[in-house]
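Residue strings, one per chain:
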Amino acid sequence: MSKRSITDWFAEVFHLKDTPFMGVPDYMFSVEHWLGGIAASALAWQILTGLLLLFYYEPSDAYTSTMGIINTVPFGSIILSSHLYGAYVMIIAVYLHGLYIMFNGGYKKPRGLQWVLGVLLFALTLGVAFIGYSLTGDVLATDAVDVGKGILTSLGLQSLIPVLFGNGTQLDLFSRLLAWHITIAAAIILFFLIHFYLAEQNGLMPRGRDVGYKAPAVINKADPSLKPWWPRNFVYMVGLAFMVWGIIVLAPSILALPSVYHNIPILFSPYPGPSPTSPQAASVPAYPPWFFLFMYKMADMPFGLSKDVIIGMILPLVILLLIPAFDRSEHLHPMDRPGITALGLIGLTWLIELSVWSVLQPGVPVSPSWAAVVMLPPLLIIAVGVYAIHRFVWPKARDKALNGNAKAGEGKKEWALSKSAASALGYIAGIWAIIDIALSLALNPLAAGPYIGLLWGSALLSLSAAVFSYFYASYL
Amino acid sequence: MSADVSAAGPTMGRRDFLKALVFISGAVVVAGMLRGLDFLMPPEIGVTAFPRLLLVDENGNPIKASELPVNADPKIAIFPYPLNNEPSFLFNLGDSSGKPVKIPPTTVVVPQTGATYEAPGGVGPYGSIVAFSAICQHLGCQFPELTFYPPGHKAITAKGFLDRVINCSCHGSTYDPYKGGAVVTGPTERPLPSVVLEWDPNTDYLYAVKMVGPVIYGHPGYTTPTPKVLANPLGDLQGGSPIKGKTTAVTFHTNPAATG
Ligand code: HEM
Ligand code: FES
């Protein structure tokens, strides 16, 4: 029997050669087409570590049990801090995935429902992360819950407070937060499965030039030149998952190193903050988790809390949901869709502006003139700029841009790395991963949590590099 | 896949080698990280030494040795010691007329290993007060399955109808509290661990100070009653939450063996 038979056997028992998943053209093996895959890999990590945390989390003793996980359970600090950073990675991936699709018209026929599910997944992801963050019961969590109550009240939804946050006892609060956390996570899993199913059925969206930058952009799945899903997509996905998990484990472990930890701003701390009853609590600004900073500043706006919330959260979601209905043209190129392009850029700019502003002046009320000074210029510059380019520059450049793009794409086949160099890299990375793991075995999981995390993260990243090198040397 | 592999021609061997390395590396990383499942091993809780605890009633008033009901009839006294999940019986043993009897210290044999230990004698004004773990050493049944049969109330045992024994209705183990909790009938192979008590004649108060005998059922080392363990069963101190404060509360329950 040759070595090859293991893979063949694996493919056979799982019927991988007949999976309904589609194979993709070579150019799609590039990260912008896999942002959803990154989010999914992070989700898988969240499910694994979240279930592990359930073994120790005690709603009756939220903060103490959380600190107990970090300080007294073997590998607990890695599991908890990587659950936090897994959430961060998932959120960033969902943002990038959504923006990429928004700018490239991926929400158009036939993918309207996929887009709507994606927007819901985005909202649910922010929601589950917010609630997870509150589960720790630290001073920030307490603030977050209080603000959540205020937001519901401002929207006239105070009757939802007991449903979400319970009858006022600490026990009911944390029991409910935990139940909601898991319920929303389950909803995310379900929606993701439907979203993924639709993506496979509709086919992944081809690059613009292959379809003349026109919707419906679909790949003919029967095209014989498409190489099958197994093994190329499988191997790539495995490499990607290891990469994502590597980052998720490595990042908080670096931040948790004793020499680094004390210099980390609380917003990015790998561990929960002080207990709300401790003396240090008073010196912590009432920050929400960083992905809700924009809303924190919105709440300082001079329109009154209910309008602030509607403008900051509800309206953007409604607009996002309705984008496929607004933009029914067949154009795919961002410059052919100036409205959506400007909308995306303005939204993104405001998001960043508000978040930074919120860090600098947490909770400081905003006067109407300041609101105008900060918010209006980007609106005007982007709206006018995009429109001007679309109207005056684009008509002349369009032909060249669309076809020139095509030529640039043609030339791209020249890969920088030779196959033997890639193989060599693969060997080094694979052996490096083994060394990392061997070193980690010498460390005590209670005393040296961050160091083990460092080695694990490095091992996962190296392994991912080895898988990608193998992929590159074998399939491209 | 076989098609594109054979097309690769000369590099095939080398690529197979890389593939093998990637597999090995993947297996090592996954196996090495499985060590993380150690996460599931809960941190040990417990105490480091046997605490000296005053026996009090539910209201926190000290138990008076001379007022303790004799023969657990009709109420049987139970208190946690040394951890919260380790209930013990507190007996004032007597004869059939209900008069306390003196319980001398005694050497107890552990049938499982043949090892022996010294069980303490009774304390209190009549030397009649003793205490034992209230968890059966066979498979862990507790009160009311495990209970004391006062004089005149007989348990059905493998050695016939017996009174003045602790009998477990789960599988029939029988222990003799007058003889340091020694095994009377199986299936248990280990005696009931003894709580060492102290009595302060000035105040009439009772204190639990330590354990001797096998480790309490279910706690670390309870299946290995070596002489060293029997003399100082430190396993009792782990696997449960410590009792807060300097007292442990005795609760009184209707003894089904006495009323039934
Ligand atoms: C089945 C899936 C999941 C389960 C069972 C789960 C369970 C948990 C538990 C028990 C905690 C409390 C940890 C503690 O405070 O001790 C927690 C915290 C948290 N969860 Fe999840 N979770 C899941 C999925 C997710 C997802 C999908 C996200 C985000 C995208 C997420 C984000 C968070 C965050 C941000 C925290 C706070 C961590 C910290 O502050 O250190 N969780 N989760
Ligand atoms: S548990 Fe008591 S006899 Fe089996």
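All values derive from a computational prediction rather than experimental measurement.

Engineer: Just checking my understanding: could you explain the site of ligand 1 for this structure?
Structural biologist: Residue and element names in this part refer to chain A. Lining the immediate environment of ligand 1, one finds 25 residues, of which Thr66, His83, Gly132, Thr136 and His181 sit closest. A distance of 3.0 Å is found between an oxygen atom of ligand 1 and a side-chain nitrogen or oxygen belonging to Thr66. Separating a nitrogen atom of ligand 1 from a side-chain N or O atom of His83 is a distance of 2.8 Å. Looking at the shell around ligand 1, its residues break down into 17 nonpolar, eight polar and no charged.

Engineer: When you look at the packing of aromatic side chains in this model, what are you seeing that I'm missing?
Structural biologist: Aromatic rings in a pair are described by how distant their centres are and how their planes are angled relative to each other. Following the criterion strictly, the structure yields 35 aromatic pairs over all chains and no others. Taking 5.1 Å as the distance between ring centres and 55° as the angle between the ring planes, the aromatic pair formed by Trp230 of chain A and Phe234 of chain A counts as tilted. Given a relative accessible area of 26%, Phe234 of chain A falls into the partly exposed group. Measuring from ring centre to ring centre gives 6.1 Å for Phe292 of chain A and Phe294 of chain A, while their planes differ by 25°; the resulting arrangement is stacked. For the residue pair Phe292 of chain A and Phe294 of chain A, the accessibility class agrees, reading buried in each case. Grouped by ring-pair contacts, the aromatic residues Phe10, Phe14, Phe21, Phe192, Phe196, Trp229, Trp230 and Phe234 of chain A constitute a single cluster. Arg207 of chain A extends its terminal NZ or CZ atom over the ring of Tyr27 of chain A, reaching a point 3.8 Å from the ring centre. Seen from the ring of Tyr207 of chain B, Arg52 of chain B lies directly overhead, with NZ or CZ sitting 4.2 Å from the centre.

Engineer: Help me understand the state of the cysteines, please; the structure alone is not making it clear to me.
Structural biologist: A covalent bond between the sulfur atoms of two cysteines is referred to as a disulfide. All names here are of chain B. Inspection of every chain in the model, using the stated rule, returns one disulfide over all chains. Across a sulfur-sulfur distance of 1.9 Å, Cys141 and Cys170 are joined as a disulfide pair. Residues Cys141 and Cys170 share a disulfide whose torsion about the S-S bond is about -100°; that sign makes it left-handed. Of this pair, Cys141 sits in the loop between strand S6 (129–133) and strand S7 (146–149) while Cys170 sits in the loop between strand S10 (165–168) and strand S11 (174–176); the two residues are 29 residues apart in sequence, bridging distant segments of the chain.

Engineer: I keep staring at the pairing of strand S1 (residues 53–56) of chain B and nothing clicks. Help me out?
Structural biologist: Both faces of the sheet carry side chains from a regular strand, because those side chains alternate between them. Residues and elements named next belong to chain B. Judged by which residues are buried, S1 turns out to be covered on both faces: Leu53 and Leu55 on one side and Leu54 and Val56 on the other are all buried. In this structure, S1 lies alongside strand S14 (residues 205–212), joined through two bridges in antiparallel fashion. Across the sheet, residue Leu53 finds its bridge partner in S14, namely Ala208.

Engineer: Is there a simple way to explain the coordination of the iron atom of ligand 1 in this structure?
Structural biologist: Tetrahedral coordination by four donors puts the ideal angle at the metal at 109.5 degrees, and octahedral coordination by six puts it at 90 or 180 degrees. Residue and element names in this part refer to chain A. Coordination of the iron atom of ligand 1 by the protein is provided by His83 (NE2) and His181 (NE2), with metal-donor distances spanning 1.9 to 2.0 Å. Here the iron atom of ligand 1 binds six donor atoms, and the angle range of 87 to 179° at the metal identifies the geometry as octahedral. Of this pair, His83 sits in helix H4 (residues 76–104) while His181 sits in helix H8 (residues 170–202); the two residues are 98 residues apart in sequence, bridging distant segments of the chain. The burial state of His83 is the same as that of His181; both residues are buried.

Engineer: Got a minute to help me understand the packing of helix H5 (residues 112–135) of chain A against helix H6 (residues 139–154) of chain A in this structure?
Structural biologist: The relative placement of two packed helices is expressed as an angle between their axes plus a distance between the axes. All names here are of chain A. Running from amino to carboxyl end, H5 crosses H6 at an angle of 130°, the nearest separation of the two axes being 7 Å. Between H5 and H6, the angle falls in the class oblique. Each of Phe130, Tyr133 and Ser134 in H5 lies in contact with H6, whose residues at this interface are Leu140, Ala141, Ala144 and Val145. Split by residue class, the contact of H5 with H6 holds six nonpolar, one polar and no charged.

Engineer: Teacher, can you tell me more about the domain arrangement of chain A here?
Structural biologist: Many descriptions give the size of an interface as the accessible area lost when the pieces come together. Residue and element names in this part refer to chain A. One can read the domain layout of chain A as domain 1 (28–213), domain 2 (227–256 + 417–476) and domain 3 (334–397). Summarising the inter-unit geometry, the C-alpha centres of domain 1 and domain 3 are found 27 Å apart. In this complex, domain 1 contributes eight residues to the contact, which on the side of domain 3 involves nine residues. When the two sides are added together, the surface that domain 1 and domain 3 hide from each other amounts to roughly 690 Å², 71% of it contributed by carbon and sulfur. In this assembly, domain 1 and domain 3 are joined by zero salt bridges. Along the contact surface separating domain 1 from domain 3 lie three residue pairs in polar contact (both at pLDDT 80 or more). Along the lines of polarity and charge, the residues of the side of domain 1 that touches domain 3 split into five nonpolar, two polar and one charged.

Engineer: Would you explain the sheet that holds strand S13 (residues 194–200) of chain B in this entry?
Structural biologist: Hydrogen bonds between backbone atoms are what pair the strands of a sheet, whose relative direction is either parallel or antiparallel. Residues and elements named next belong to chain B. The strand order S15-S1-S14-S13-S6-S3-S2-S16 describes an open sheet built from eight strands, whose pairing is mixed. Each end of this open sheet is capped by a strand with a single partner; those strands are strand S15 (247–249) and strand S16 (251–254). Between one strand axis and the next, the sheet turns through 35° on average, direction left out of account. Pairing between S6 and S13: two bridges, direction antiparallel. What sits directly across from Ala131, in S13, is Val195.

Engineer: Before we go on, may I ask you to explain the sheet that holds strand S12 (residues 182–185) of chain B in this structure?
Structural biologist: Residues and elements named next belong to chain B. Strands sit in the order S7-S10-S11-S12 across an open sheet of four strands; the sheet is antiparallel. Of all the strands in the sheet, the pair left with one neighbour each is S7 and S12. When strand polarity is set aside, the average angle formed by the axes of neighbouring strands in this sheet is 30°. In terms of strand pairing, S10 meets S11 through two bridges, oriented antiparallel. When the sheet's bridge partners are listed, Ile166 is paired in S11 with Tyr175.

Engineer: Please clarify how the domain arrangement of chain B should be interpreted in this entry.
Structural biologist: Examined at the domain level, chain B breaks down into domain 1 (3–40) and domain 2 (53–259). In this structure, domain 1 of chain B and domain 2 of chain B have C-alpha centres spaced 60 Å apart.

Criteria and cut-off values
- Residues numbered from 1 in each chain as written.
- Chains lettered and ligands numbered in written order.
- Predicted model: local features only at pLDDT ≥ 70, side-chain atom pairs only at ≥ 80, totals over all residues.
- Heavy atoms only, no water.
- Near = heavy atom within 4 Å.
- Polar contact = N/O pair within 3.5 Å; in protein donor to acceptor, adjacent residues only side chain to side chain.
- Nonpolar A, V, L, I, M, F, W, Y, C, P; charged D, E, K, R; others polar.
- Phe/Tyr/Trp six-rings, centres within 6.5 Å; stacked < 30°, edge-to-face > 60°.
- Buried < 20%, exposed > 50% of the residue type's maximum accessible area, 1.4 Å probe, protein only.
- Lys NZ or Arg CZ within 6 Å of the ring centre and 35° of its normal.
- Disulfide = S-S within 2.5 Å.
- Helix = DSSP H or I, 4+ residues; strand = E, 2+ residues; numbered from the N terminus.
- Pairing = 2+ DSSP bridges.
- Donors = N, O, S within 2.8 Å, 3.2 Å for Na, K, Ca; no water.
- Tetrahedral: all angles 85-135°; square planar, octahedral: opposite > 155°, others 65-115°.
- Axes fitted to C-alpha atoms, helices over the stretch in contact; angles between N-to-C directions.
- Parallel < 35°, antiparallel > 145°, perpendicular 65-115°, else oblique.
- Contact = heavy atoms within 4.5 Å.
- Domains from an automatic or database assignment.
- Buried area = accessible area lost by both parts, 1.4 Å probe.
- Salt bridge = Lys/Arg side-chain N within 4 Å of Asp/Glu carboxyl O.

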